[in-house]
Amino acid sequence: MALIVQKFGGTSVGSIERIEQVADKVKKFRDAGDDLVVVLSAMSGETNRLIDLAKQVSEKPDPRELDVIVSTGEQVTIALLAMALNKRGVPAVSYTGNQVRILTDSSHNKARILQIDDHRIRADIQAGRVVVVAGFQGVDEHGNITTLGRGGSDTTGVALAAALKADECQIYTDVDGVYTTDPRVVAQARRLEKITFEEMLEMASLGSKVLQIRSVEFAGKYNVPLRVLHSFKEGPGTLITIDEEESMEQPIISGIAFNRDEAKLTIRGVPDTPGVAFKILGPISASNIEVDMIVQNVSHDNTTDFTFTVHRNEYEKALSVLENTAREIGAREATGDTKIAKVSIVGVGMRSHAGVASRMFEALAKESINIQMISTSEIKVSVVIEEKYLELAVRALHTAFELDAPARQSE
């Protein structure tokens, strides 16, 4: 018998029929003797509908009141699933974040979990009940309803698994696991049986949309084994774990992530003086624009060219700020490019293998793909290229690192 926390997203509970299917799945685990806590999102599209209602009343809804309205979406799904389970002879009870006492800070719309009171849930489990908990929400010390922001339901699931010391936290979604890359781009992409928290964090931050970064960070911090599974297809999914030993015997690269949502900005002819990087990036940061990759090149005439990337949604705003900066510091010009993409290779095996970056660059050179920027860390190498070459680059790298071989081979 295992204690399992299962989280189902909006598409998994998007209709009564799907909620009934989730109930059937939960019953199978219960019949096998497992203790279960189930965390649910609102029905797909419901949170957006509630936000839209709020904005019809107020262009900028009060954050506290917005949390009150959007938290109702999960109340609907948890009650419906509890009803469906009880109908099947599986004793179940539903709880909101407040009823469990998921204590958060008071940052409305993006609250952080501080503490979970697990006594009520443990009592229900001991009494043989399945506990169904509303994801995405909690309560602050003043009794105000709070919501956890993007990916909040995943975070709720992982946090409950950590508090309960569950054997596994299962995240059910519309894919059957974590793949070496997006199967829509590379037909030979394969599902990984296992990946480390570190690798998954990099994949998530670099563009892989399977899991939200916050939930992976939380799972890694508290060493909660995470498994990504398909909501309506049977299969082993992908286990995300702290254990690196087995991975070290696998190929040096576990996956290839990519991101089309980047834009590049360059300021040229900047006087090469101490503090110039702050003069350029300070106003960008003050405008609440997040910078990703940075490259600085010093020219022979004592000026420097400074290039950095931002999210494409922030491009116009960032370019306007950079143009003002160029005038203020006497730079030659500020330019930008929105037709770029970032491609990254990720793998803990890089730690014990030399020449990974050169192998990546060679594969891209063979396809005549020019590299505009490079960024590295201990377990990843990222490059910026022209967006039109993105899919060609991903396929070339997938083949070069033997990720589309029929079976994983040790290096």
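Residues numbered from 1 in each chain as written. Predicted model: local features only at pLDDT ≥ 70, side-chain atom pairs only at ≥ 80, totals over all residues. Heavy atoms only, no water.

### Details of the sheet that holds strand 17 (residues 333–337)
The pairing of strands in a sheet happens through backbone hydrogen bonds and is either parallel or antiparallel.
Moving on, step 1. As summarised here, the arrangement of the 4 strands in space is 15-16-14-17, forming an open sheet in which the pairing is antiparallel. Every other strand in the sheet has two partners, leaving strand 15 (291–298) and strand 17 as the edge strands with one partner each. The sheet shows a mean angle of 15° between the axes of neighbouring strands, direction not considered.
Moving on, step 2. Pairing between strand 14 (residues 262–271) and strand 17: 5 bridges, direction antiparallel. Bridged to L265 within strand 17 is G336.
Moving on, step 3. Helix-sheet contacts for helix 11 (residues 276–286) involve strand 14, strand 15 and strand 16 (303–311), and the interaxial angle to strand 16 is about 25°.
Moving on, step 4. Sitting on the sheet, helix 12 (residues 315–329) is in contact with strand 14, strand 16 and strand 17, with an inclination near 0° to strand 14. (Pairing = 2+ DSSP bridges. Helix = DSSP H or I, 4+ residues; strand = E, 2+ residues; numbered from the N terminus. Axes fitted to C-alpha atoms, helices over the stretch in contact; angles between N-to-C directions. Contact = heavy atoms within 4.5 Å.)

### A look at the side chain of N259
Moving on, step 1. Assignment of secondary structure puts N259 in strand 13 (residues 255–259).
Moving on, step 2. A polar atom in the side chain of N259 sits 2.8 Å from the backbone nitrogen of D261.
Moving on, step 3. Those residues in contact with N259 that lie beyond four places of it in its chain are L206, A341 and K342. (Polar contact = N/O pair within 3.5 Å; in protein donor to acceptor, adjacent residues only side chain to side chain.)

### Looking at the confidence of the model for the protein
Moving on, step 1. Averaged over all residues, the pLDDT of the protein is 91; the fraction at 70 or higher stands at 96%.
Moving on, step 2. Note on residues 407–411: pLDDT under 50 across the span, and 17 contacts to partners over four residues away in sequence or across chains. (pLDDT = per-residue confidence, 0-100.)

### Points about the packing of aromatic side chains
Moving on, step 1. Summed over all chains, the structure comprises 3 aromatic pairs.
Moving on, step 2. Ring centres of F8 and Y172 lie 4.5 Å apart, and the angle between their planes is 10°; on these two criteria the pair is classed as stacked. Here F8 is found in strand 1 (residues 3–8), whereas its partner Y172 is found in strand 9 (residues 168–173), with 164 residues between them in sequence. As far as burial versus exposure is concerned, F8 and Y172 are alike and both buried. (Phe/Tyr/Trp six-rings, centres within 6.5 Å; stacked < 30°, edge-to-face > 60°. Buried < 20%, exposed > 50% of the residue type's maximum accessible area, 1.4 Å probe, protein only.)

### A closer look at the pattern of salt bridges
Moving on, step 1. Evaluated as defined, the whole model comprises 19 salt bridges.
Moving on, step 2. When the shortest N-O distance is used, the salt bridge between K342 and E262 registers 3.5 Å. In this pair, K342 sits in strand 18 (residues 340–346) while E262 sits in strand 14, placing the two residues 80 residues apart along the sequence.
Moving on, step 3. Its salt-bridge partner being D292, residue K342 comes within 2.6 Å of it at the nearest N-O pair. With a gap of 50 residues between them, K342 in strand 18 and D292 in strand 15 connect regions that are remote in the sequence.
Moving on, step 4. With a relative accessible area of 4%, K342 lands in the buried category.
Moving on, step 5. Put simply, E20, D24, K87 and R88 are held in one network by salt bridges that share partners. (Salt bridge = Lys/Arg side-chain N within 4 Å of Asp/Glu carboxyl O.)

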